6 protein chains.
Amino acid sequence: MFHHNKRLQYTVRVSESNPGLANLLLEQFGGPQGELAAAMRYFTQALGEVDPGRKDMLLDIATEELSHLEVIGTLVAMLNKGAKGKLAEGVDEAAEAYRTLQGAGNDSHVTQVLYGGGPALTNSGGQLWTAGYVDSIGDPTADLRSNIAAEARAKIVYERLINVTTDPGVADALAFLMTREVAHQRSFERALYSMDDNFPVGKLAPVPEYADLYINTSQGEGDMRGSWNQGEPWTYVDDREKQSNVDGGGGSATVELKSDEVKAVEALSSRLASDPQAMPLTGIDLGVGKPKTAGGK
Amino acid sequence: MFHHNKRLQYTVRVSESNPGLANLLLEQFGGPQGELAAAMRYFTQALGEVDPGRKDMLLDIATEELSHLEVIGTLVAMLNKGAKGKLAEGVDEAAEAYRTLQGAGNDSHVTQVLYGGGPALTNSGGQLWTAGYVDSIGDPTADLRSNIAAEARAKIVYERLINVTTDPGVADALAFLMTREVAHQRSFERALYSMDDNFPVGKLAPVPEYADLYINTSQGEGDMRGSWNQGEPWTYVDDREKQSNVDGGGGSATVELKSDEVKAVEALSSRLASDPQAMPLTGIDLGVGKPKTAGGK
Amino acid sequence: MFHHNKRLQYTVRVSESNPGLANLLLEQFGGPQGELAAAMRYFTQALGEVDPGRKDMLLDIATEELSHLEVIGTLVAMLNKGAKGKLAEGVDEAAEAYRTLQGAGNDSHVTQVLYGGGPALTNSGGQLWTAGYVDSIGDPTADLRSNIAAEARAKIVYERLINVTTDPGVADALAFLMTREVAHQRSFERALYSMDDNFPVGKLAPVPEYADLYINTSQGEGDMRGSWNQGEPWTYVDDREKQSNVDGGGGSATVELKSDEVKAVEALSSRLASDPQAMPLTGIDLGVGKPKTAGGK
Amino acid sequence: MFHHNKRLQYTVRVSESNPGLANLLLEQFGGPQGELAAAMRYFTQALGEVDPGRKDMLLDIATEELSHLEVIGTLVAMLNKGAKGKLAEGVDEAAEAYRTLQGAGNDSHVTQVLYGGGPALTNSGGQLWTAGYVDSIGDPTADLRSNIAAEARAKIVYERLINVTTDPGVADALAFLMTREVAHQRSFERALYSMDDNFPVGKLAPVPEYADLYINTSQGEGDMRGSWNQGEPWTYVDDREKQSNVDGGGGSATVELKSDEVKAVEALSSRLASDPQAMPLTGIDLGVGKPKTAGGK
Amino acid sequence: MFHHNKRLQYTVRVSESNPGLANLLLEQFGGPQGELAAAMRYFTQALGEVDPGRKDMLLDIATEELSHLEVIGTLVAMLNKGAKGKLAEGVDEAAEAYRTLQGAGNDSHVTQVLYGGGPALTNSGGQLWTAGYVDSIGDPTADLRSNIAAEARAKIVYERLINVTTDPGVADALAFLMTREVAHQRSFERALYSMDDNFPVGKLAPVPEYADLYINTSQGEGDMRGSWNQGEPWTYVDDREKQSNVDGGGGSATVELKSDEVKAVEALSSRLASDPQAMPLTGIDLGVGKPKTAGGK
Amino acid sequence: MFHHNKRLQYTVRVSESNPGLANLLLEQFGGPQGELAAAMRYFTQALGEVDPGRKDMLLDIATEELSHLEVIGTLVAMLNKGAKGKLAEGVDEAAEAYRTLQGAGNDSHVTQVLYGGGPALTNSGGQLWTAGYVDSIGDPTADLRSNIAAEARAKIVYERLINVTTDPGVADALAFLMTREVAHQRSFERALYSMDDNFPVGKLAPVPEYADLYINTSQGEGDMRGSWNQGEPWTYVDDREKQSNVDGGGGSATVELKSDEVKAVEALSSRLASDPQAMPLTGIDLGVGKPKTAGGK
């Protein structure tokens, strides 16, 4: 079970009200690369995990991410605290209050008016957090790779936030959170390679004749070669004719239908058949109007 | 620009109508690990990419994923073709039609009634595809890791589908698609390591004092050690007291408010203060009713 | 910050594999009335709360809800454990595996194929959890009422689940979780009435002339009177004529536009004017086909 | 303003409990082609409309769609009434209650357990209604076409539901609702062609050199000609070389950057450059394990 | 299968960095009327289509829309390229970087911070693309109308974007894309009327007694007549009494329940009965506080 | 059924164009606390309700909320009317049009470009309305509490909007709408307490040994006592050891598996076992690059 200690994992010191910055920080509270997504990714994996080492690690890191969620949410709450008080108490005249709200910039109006200055589980654009961000699928060779990638993405978003933050206390806390993502990435890498068989993932082998093809589907000036498509083990398929119908079966689609199905499909086809010989009058012929303004202005 | 060749990349041969299986295959059409998510992940990365090698590779693979989307969607269409014809033409009595619809199992009723047997951009449970599945963030050291993970996840889902598929033509096509995920994973791995500096991701260095801590937040029977939390470079933080307030600043949260903000916050606090001495009558005291059935039935 | 103790808050004892029941339990894992929604509702309120008593209470209960999330997720994991192993290892022939998957009923195919038997942040129908379920708005007189309601809803959903559960260990754990919702409701009621001014919520007074109207907008057989629309303080507005335009201003809509705006609006109106005298030929006149099957079959 | 008359627009007569059918009917309650989507489509258009004839018509039809929402929702409520009573009162033993719930088929378990048998704003698969279904954009030449299409889609979904409905009272009500969609389609067609200039939509003219091209992007066996790509006014572009770079500008992408931008982009490119000469060791080389099961089983 | 040619369909020339404009253009990349929605609408229809002419046309246009997605995405990437480089490299001081980010206006902060300047599958407000935008239902008489409407909507949104674009290269590309929507609308119109029976859609006939009613549900000043509600074939139902209960069955709702269901429903009703005679003390009576600020300020 | 009267419930008088304010008002049109959510909450409850008094009240209030939706939507339409005309007619030069669009502030660019100035079913940040906002579950003791809370939330959001509104006609209309929420809250309270048994909700009794525990999960400076956790009936559980494993069963999780399940789970565990003794080379060891910029800038 979870316990909570009222001390934050990292001290939050904010030097002045800044609802605009608060709103940007929501990326890491309720955004796709944020701490709730991280905590839920690892927590859901932990619950289904049977390997004792991985289960322990996933619970450790999930719990730490919840503590990060608390740090980032507290930063948001502190940055909004003053503005929240003023709007709730209606201390400003409406015109001034409107100017202040708009002046904070970005989408902080949503945070203020709808969420009352509290941290909301949205990204900085107001998009509601969705479990579609959590990509756990219950296989550790895949999930650990997902975790490695997620930590890398979170690190980058923290870096971007730091690049636009002047408040030193906020920047410090963000640097701490950014750093921890790097540490977690390392743990997940170690755990991945502590399985002695993690590629290809899963239990079924690839089909040998298709496993080493690199199919050059995008052609023209800019075609490049590198280790991702040349050298071992690649066969480079450049010929457009050989890119489709790779199995030699014709590249068409068929299904064997029962006789009543055939009959129904034929009836449907016939009822809705298109006549390629027709040159029908159409709705737009009835609606063509006056000449328009010259194209593209 | 894109071109289309009417031959499929892989021949689709379905041996009988099976709307239930069709519905399961939607996982890889409009599900989170499916081909649209893959194609869009790589395509959006390609558009913003400036490195010529990666850009070329991303376009090659994005285009192939669109071709896979076509294969999986065509499988769905073939598996549903007969049922679609029969429902559209109303060939069965209602009672028989209802039995057939329900008898196909899982969520194939949604596919039939709402989408008319055409492949829909949903997963097998009817959840609409959302761009929240696409985790591109515009930094290749992160995005390539996301791609590696995505290919691993997709491989696993294909494997699960193969495990429940008896139709040999469908199983063959799924095995082809599964195989290509493995090949793509390899390309992305090669591209990642063709950058000579991909860890830590980004440009800012981690804060040294927090970079090598492993914080044992989850404790009790089941605590484990392994390379993810012991050996180089880890400092293992086991003491609960040292897990919070890691910066030594006290672990509290503060913000410096202007005087009018202070005044507003105080007014708000006072207006909505909770009285810890009160033992109030509450709504539930007014609504307590008759004894209930014994707990937990 | 959060800590985790490897012992669950309540012991989980499952007597046999049951992916169908596992899927139903997802309602309280990733559904709208489930434990994640509860935990996040109280946690986001706590972060923005300044009253010390409420803040403490919200953190206590949020943390307990996370522990409940762990219990319900663990129930799901145990109920799915056997099926997960068999599908991952491919121990059954495909036909048998397909039958088992479909035979488990409801949407457990999503859980198995997409999420690999791990608990997923969806409801029992596969709908992804969304932060739209979290209704915190940063005012305690409203938020505490939201919490009271949320606990009542969660209690009912647990009751429905208990009513369909035969596994005694699962039923016990559900009864524990159900019970805690009742306790939490009581805490929130007490906290609400520990504020000596919680109705009307907010700081602005209602407009007196509209505050005590009950507007009987739905009329006909079935009209009823009760304390919600009769007695003090209600004025019952039954006359349709007096229901609209309650302010006596005419019930129309106007805006004062600047002259260039007027001109633009007139140009737009004129360009897209509808001719009420016309009896136009339309697209459907071009497309009317053969007689149809008799109406409504 | 709206008023409500307790008599339904169409009498609802249900001959027996049927939660499975109730669940299917949700398509037209909270599904994409359902009555809420219809009502909201026309209502939002009406509010912004300045043409008096269209505004009146949109309000008439929006209001009728709300009345249809009531009819379909009432059908759902009646079909679920018995099951709701039994589950709420817990009259069956758990094993029997579970069998009944699963036996109703499709996603009726969601309706019962989560929504308590009341009609929910979801489709038959449990997907929450989203305003993404409402495609109003505030231009009547487009919006009326959207309405025409929406009515056509709704008609088809009602037809599919009728095809699987044996209960005569339900089938009657569905036939009424289906019929009204046809009437509404006619009204929208008439309104569209009562504007004497509705094609091309909008005020800007198409660019003449691109307006009449039909670009044969999909080639191979199955290429077809018909009025949609031959005859007046089409120029059929078959030559792949002429399909891209249609403006003759080269088909590349350029932007003029300022010097500090150039410098930053170069630094970024250089920092993250991919080395096409490298043949790097990658993560998968570290993780290659034992041989797998034969491909595709 | 799909192939890709590195030349764009239309040359992209951007004359200066402009993240604010980039963000607006996202409407047509990941917005509801954008190119992904268009491509997926036609592609999903194509897969299920059996008529050879329509199938070919749908694939042609779907493929072209993917090429448009590439053009609009490339415009976004070029407009963001400079800002992306500067933020990624951290070349500006934080205060300057913050000013630049906010100064770009609208929601470009989301694009920069979260998506790193790459084109994202969102609209200009950051709303994630959802398959709820794709309205294909597998019947060509409905789907072609949906396509016609979709092209009309897209044309209008392009027109609005052109109206706010000063960059001549961007405006040119937008005019090209706008033009192609008009061409596609024409193709879909031709295809619709190449079926000789497209109204009423579907196979079941409307119920004659309800097919020609126009129900004047919205009454008062502003009531209008026009071809949509007068002339052939309309019967105009103005009498409120005749608008409901149109079948004469009474306008009520009934279901025939089995005896155990009746008993359960009665038990439920009785347990939760409302007492219309009561004048209960309520929660708000316990919480009425001090007088408020004067109404409406 | 519903009828519509062309007079609004409250007269709308707007004194000048203001797309920025229009956009803020969307919170109460298509936002979570807005009028559509309210109307749908009560309407869906009404359809499933069997108690005549509550059913009548729910229909009365649902219908009034639809009328409020009309008022707020009309306010939005009036505030946008001028800007809509100018953008649609393209009366301004592009540079001026762009400045005007951006200058209106907040997310009004979405409203203008995508929705053409019509009211959209989004909140002020462009988030699409979702039925996830509707929390009806079909039990009146829970649903009435949800309604009470929803009215309280809506009142607060109106208050915040009034605090930033200078236009007197808009402020008046908002004050009317705000007032009605208070009246509705009163009706719902009365209806709740007109049931003589509304706590605990539902039919099953809480488990006595867990019903009166208050579990102090969050500890440290800031721990508080009040009526919500002291006095009758609380037992305050402060000892961390007693907070978990409250049933004394050990706090672990078990499931009894069949022998083939055991075998499969063992095979899975063994295949994916983590080696805690390994100190593996990992992907990041291959990718460590040059030193980074100093941490946290």
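Residues numbered from 1 in each chain as written. Chains lettered and ligands numbered in written order. Predicted model: local features only at pLDDT ≥ 70, side-chain atom pairs only at ≥ 80, totals over all residues. Heavy atoms only, no water.

What counts here: UniProt positions are given in the numbering used here, feature names are shortened, and annotations may be inferred rather than shown by experiment.
As named in an unreviewed UniProt entry, chain A is Manganese catalase family protein, taken from Coralloluteibacterium stylophorae. The Sequence similarities (unreviewed entry) comment attached to chain A in UniProt states, word for word, "Belongs to the manganese catalase family."

**Topic: the interface of chain F and chain C**
Quite often, the size of an interface is put as the accessible area lost when its parts meet. What counts here: Whether two residues are in contact is decided by their heavy atoms: any pair within 4.5 Å suffices. Summed over both partners, the accessible surface that disappears when two parts come together, traced with a 1.4 Å probe, is what is meant by buried area. The salt bridge criterion pairs a side-chain nitrogen of Lys or Arg with a carboxyl oxygen of Asp or Glu, the two atoms within 4 Å. Nitrogen and oxygen atoms within 3.5 Å of one another constitute a polar contact, given that in protein one can donate a hydrogen and the other can accept it, and given that sequence-neighbouring residues count only through two side-chain atoms. The secondary structure listing takes helices from DSSP runs of H or I that are at least 4 residues long and strands from runs of E that are at least 2 residues long, numbered from the N terminus. The classification used treats Ala, Val, Leu, Ile, Met, Phe, Trp, Tyr, Cys and Pro as nonpolar, Asp, Glu, Lys and Arg as charged, and all other residues, Gly among them, as polar.
Contacts between chain F and chain C engage 114 residues on the former and 115 residues on the latter. For the chain F and chain C pair, buried surface summed over both sides reaches about 10,000 Å², with 56% attributable to carbon and sulfur atoms. Remark: the boundary between chain F and chain C carries eight salt bridges. The closest approach of N and O atoms between Lys86 of chain C and Asp260 of chain F, which form a salt bridge, is 2.7 Å. Where chain F packs against chain C, one counts 70 residue pairs in polar contact (both at pLDDT 80 or more). Among the elements that make up the side of chain F that touches chain C, the one with the highest residue count is helix 4 (residues 52-89) of chain F (17 residues). A per-class count over the side of chain F that touches chain C returns 48 nonpolar, 35 polar and 31 charged.

**A word on the relation of the copies chain B and chain D**
Relating one copy of the chain to the other takes a rotation about an axis and a shift parallel to that axis. What counts here: Here the copies are matched by least squares. The fit uses the C-alpha atoms of residues with pLDDT of at least 70 in both.
Between the two copies, chain B and chain D, the superposition gives an RMSD of 0.0 Å; the rotation angle is 120 degrees and the shift along the axis is 0.0 Å. The relationship between the two copies is best expressed as a three-fold rotation axis. Residues of chain B ranked by C-alpha distance from the rotation axis are headed by Gln127 of chain B, positioned 3.4 Å from it.

**Quick notes on the packing of aromatic side chains**
Residue and element names in this part refer to chain A. Convention followed: Centres within 6.5 Å make a pair out of two Phe, Tyr or Trp rings, where for Trp the six-membered ring is used; the pair is then stacked when the planes are under 30 degrees apart, edge-to-face when over 60, and tilted otherwise. Think of it in three bands: with a 1.4 Å probe and only protein chains considered, a residue is buried below 20% of the maximum accessible area for its type, exposed above 50%, and partly exposed in between.
Tallying each qualifying case throughout the model produces 51 aromatic pairs over all chains. Between Tyr10 and Phe176, the ring centres sit 4.7 Å apart and the planes meet at 20 degrees, which makes this aromatic pair stacked. With Tyr10 in the loop between strand 1 (2-5) and strand 2 (12-14) and Phe176 in helix 8 (residues 168-193), this residue pair connects regions lying 166 residues apart in the sequence. Its relative accessible area of 7% is what places Tyr10 among the buried residues.

**Concerning the relation of the copies chain F and chain C**
Here chain F sits on chain C after a turn of 180 degrees about the axis and a move of 0.0 Å along it, with an RMSD of 0.0 Å. The two molecules are tied by a two-fold rotation axis, judged by turn and shift. Both copies share a contact surface, since 100% of the interface residues of chain F are interface residues in chain C too.

**Some words on the sheet that holds strand 4 (residues 218-219) of chain D**
Selection rule: We call two strands paired when DSSP finds no fewer than two bridges between them. For helices, the axis comes from a line fit to the C-alpha atoms of the stretch in contact; other axes are also lines fit to C-alpha atoms, and the angle between any two N-to-C directions lies between 0 and 180 degrees.
Strand order in the open sheet formed by four strands is 4(A)-1(E)-1(B)-4(D), with mixed pairing between adjacent strands. Every other strand in the sheet has two partners, leaving strand 4 (218-219) of chain A together with strand 4 of chain D as the edge strands with one partner each. Here two bridges tie strand 4 of chain A to strand 1 (residues 2-5) of chain E, and the two strands are oriented parallel to one another. Looking across to strand 1 of chain E, one finds that Gln219 of chain A is bridged to Asn5 of chain E. Contacts from helix 4 (residues 52-89) of chain B reach strand 4 of chain A, strand 1 (2-5) of chain B together with strand 1 of chain E within the one sheet, and its direction differs from that of strand 1 of chain E by about 155 degrees.

**A few points about helix 7 (residues 140-163) of chain B**
Going by this rule: By definition here, a helix of n residues has an expected span of 1.5 Å times n minus one.
Between its terminal C-alpha atoms helix 7 of chain B stretches 34 Å, which fits the 34 Å expected from 24 residues at 1.5 Å a residue. The buried fraction of helix 7 of chain B is high, at 24 of 24 residues.

**Brief notes about helix 11 (residues 259-271) of chain B**
For helix 11 of chain B, spanning 13 residues, the distance from its first C-alpha to its last is 18 Å, which sits close to the expected 18 Å at 1.5 Å a residue. Where helix 11 of chain B is buried, its residues contact helix 4 (52-89) of chain A.

**Looking at the sheet that holds strand 4 (residues 218-219) of chain C**
Ordered in space as 4(C)-1(D)-1(F)-4(E), the four strands form an open sheet in which the pairing is mixed. Only two strands of the sheet have a single partner each, and these edge strands are strand 4 of chain C together with strand 4 (218-219) of chain E. Of the pairings in the sheet, the one linking strand 1 (residues 2-5) of chain D to strand 1 (residues 2-5) of chain F comprises three bridges and is antiparallel in character. Within strand 1 of chain F, the residue paired with Phe2 of chain D across the bridge is His4 of chain F.

**Details of the UniProt feature "binding site: Mn(2+)" (unreviewed entry) in chain A**
Residues and elements named next belong to chain A. Sequence positions flagged by UniProt for "binding site: Mn(2+)" (unreviewed entry) are, in local numbering, Glu35, Glu65, His68, Glu151 and His184. Over a stretch of 150 residues, the named residues converge on one spot in the fold, their C-alpha atoms separated by at most 13.1 Å. Along the chain, the position of Glu35 falls in helix 3 (residues 35-48). By relative accessible area, which is 1% here, Glu35 ends up buried. Setting aside residues no more than four positions away along its own chain, Glu35 makes contact with Gln28, Phe29, Glu65, His68, Leu69, Ile72, Tyr158, Leu177 and Glu181. Following the sequence through the fold, His184 ends up in helix 8. Contacts of His184, omitting those with residues within four sequence positions, involve Ile61, Glu64, Glu65, His68 and Glu151.

**Remarks on unusual backbone geometry**
In this structure, Pro200 of chain A follows Phe199 of chain A across a cis peptide bond, with omega equal to -15 degrees. One non-glycine residue, Asn106 of chain B, lies in the positive phi region at around 35 degrees. By the secondary structure assignment, Asn106 of chain B is in the loop between helix 5 (94-103) and helix 6 (108-113).

**Concerning the interface of chain B and chain D**
At the interface, 47 residues of chain B touch 54 residues of chain D. In this assembly, chain B packs against chain D so that about 3,900 Å² is buried in total across both faces, 58% of it on carbon and sulfur atoms. A per-residue breakdown of the area chain B buries against chain D is headed by Lys6, Val113 and Leu114 of chain B, which together make up 16% of the total. Where chain B packs against chain D, one counts one salt bridge. Notably, a salt bridge pairs Asp223 of chain D with Lys6 of chain B, separated by 3.9 Å at the nearest N-O pair. At the boundary of chain B with chain D, the tally comes to 20 residue pairs in polar contact (both at pLDDT 80 or more). Elements supplying a minimum of two residues to the side of chain B that touches chain D: strand 1, helix 4, helix 5, helix 6, helix 7 and helix 8 (168-193) of chain B. When residues in the side of chain B that touches chain D are grouped by element, the largest group, seven residues, is from helix 8 of chain B. Counted by class, the side of chain B that touches chain D contains 21 nonpolar, 16 polar and ten charged residues.

**Some words on the domain arrangement of chain A**
Going by this rule: An automatic or database domain assignment is the source of the domain bounds shown.
The assigned domain composition of chain A is domain 1 (19-193) and domain 2 (208-240). Just the C-alpha atoms count here: the centres of domain 1 of chain A and domain 2 of chain A sit 39 Å apart.

**Looking at the environment of Gly53 of chain E**
Looking at the secondary structure, you find Gly53 of chain E in helix 4 (residues 52-89). Separated by 138 residues in the primary sequence, Gly53 of chain E and Ala191 of chain E have C-alpha atoms spaced 8.4 Å apart. Not counting residues within four places of it along the chain, the set of residues in contact with Gly53 of chain E comprises Met224 and Trp228 of chain D.

**Some remarks on the nonpolar core**
If you look at soluble globular proteins, the nonpolar side chains tend to sit buried side by side. Rules: We call a set of buried residues a nonpolar core when its members are Ala, Val, Leu, Ile, Met, Phe, Trp, Tyr or Cys and they connect through side-chain atoms within 4.5 Å of each other.
With 487 residues, the main nonpolar core has Trp129 of chain A, Trp129 of chain B, Trp129 of chain C, Trp129 of chain D, Trp129 of chain E together with Trp129 of chain F as its most contacted residues. When sequence neighbours within four positions are dropped, the list of residues in contact with Trp129 of chain F reads Leu121, Trp129, Thr130 and Ala131 of chain D together with Gly30, Gly31, Leu36, Ala37, Met40, Leu121, Thr122 and Val134 of chain F.

**So, the UniProt feature "binding site: Ca(2+)" (unreviewed entry) in chain A**
Under the local residue numbering, the UniProt record ascribes the feature "binding site: Ca(2+)" (unreviewed entry) to Asp56, Asp60, Asn216, Ser218 and Gly220 of chain A. A maximum C-alpha distance of 50.4 Å among these annotated residues, which run over 165 residues, shows that they spread across the structure rather than meeting at one spot. Looking at the secondary structure, you find Asp60 of chain A in helix 4. For Asp60 of chain A, a relative accessible area of 0% puts it in the buried group. Beyond its immediate sequence surroundings of up to four residues, Asp60 of chain A is in contact with Tyr214, Ile215, Asn216, Thr217 and Ser218 of chain B. Turning to its location among the elements, Asn216 of chain A is positioned in the loop between strand 3 (213-215) and strand 4. Of the residues examined, Asn216 of chain A reaches a relative accessible area of 0% and is grouped as buried. Apart from the residues within four sequence positions on either side, Asn216 of chain A is in contact with Asp223, Tyr236, Val237, Asp238, Arg240 and Gln243 of chain A together with Asp56 and Asp60 of chain B.

**Section: the side chain of Asp56 of chain B**
Mapped onto the elements of the fold, Asp56 of chain B is located in helix 4. Look past the residues within four positions of Asp56 of chain B in its chain and what remains in contact with it is Tyr214, Asn216, Ser218, Gly222, Asp223, Met224 and Asn229 of chain A together with Lys6 of chain E.

**Here we look at the pattern of salt bridges**
Per the stated rule, a full pass over the model turns up 78 salt bridges over all chains. Bridged by salt links that share partners, the residues Lys6 of chain A, Asp56 of chain C together with Asp223 of chain F form one connected network.

**Section: the side chain of Glu49 of chain D**
Among the structural elements, Glu49 of chain D can be located in the loop between helix 3 (35-48) and helix 4 (52-89). Beyond its immediate sequence surroundings of up to four residues, Glu49 of chain D is in contact with Arg54, Lys55, Leu58 and Pro140 of chain D.

**Digging into the packing of helix 7 (residues 140-163) of chain C against helix 7 (residues 140-163) of chain F**
Stated precisely, the cut-off is as follows: Note on angle classes: values under 35 degrees are labelled roughly parallel, values over 145 roughly antiparallel, values of 65 to 115 roughly perpendicular, and the remainder oblique. Should the near helix be turned anticlockwise from the far one by less than a right angle, the crossing is termed left-handed; should it be turned clockwise, right-handed.
Axis separation between helix 7 of chain C and helix 7 of chain F bottoms out at 8 Å; the angle between their running directions is 155 degrees. Classed by the angle they form, the pair helix 7 of chain C and helix 7 of chain F counts as roughly antiparallel. As helix 7 of chain C runs across helix 7 of chain F, the sense of the crossing is left-handed. The segment helix 7 of chain C lies against helix 7 of chain F, with Ala142, Arg145, Ser146, Ile148, Ala149, Ala152, Arg153 and Ile156 of chain C engaging Ala142, Arg145, Ser146, Ile148, Ala149, Ala152, Arg153 and Ile156 of chain F. Classifying every residue of the contact of helix 7 of chain C with helix 7 of chain F gives ten nonpolar, two polar and four charged.

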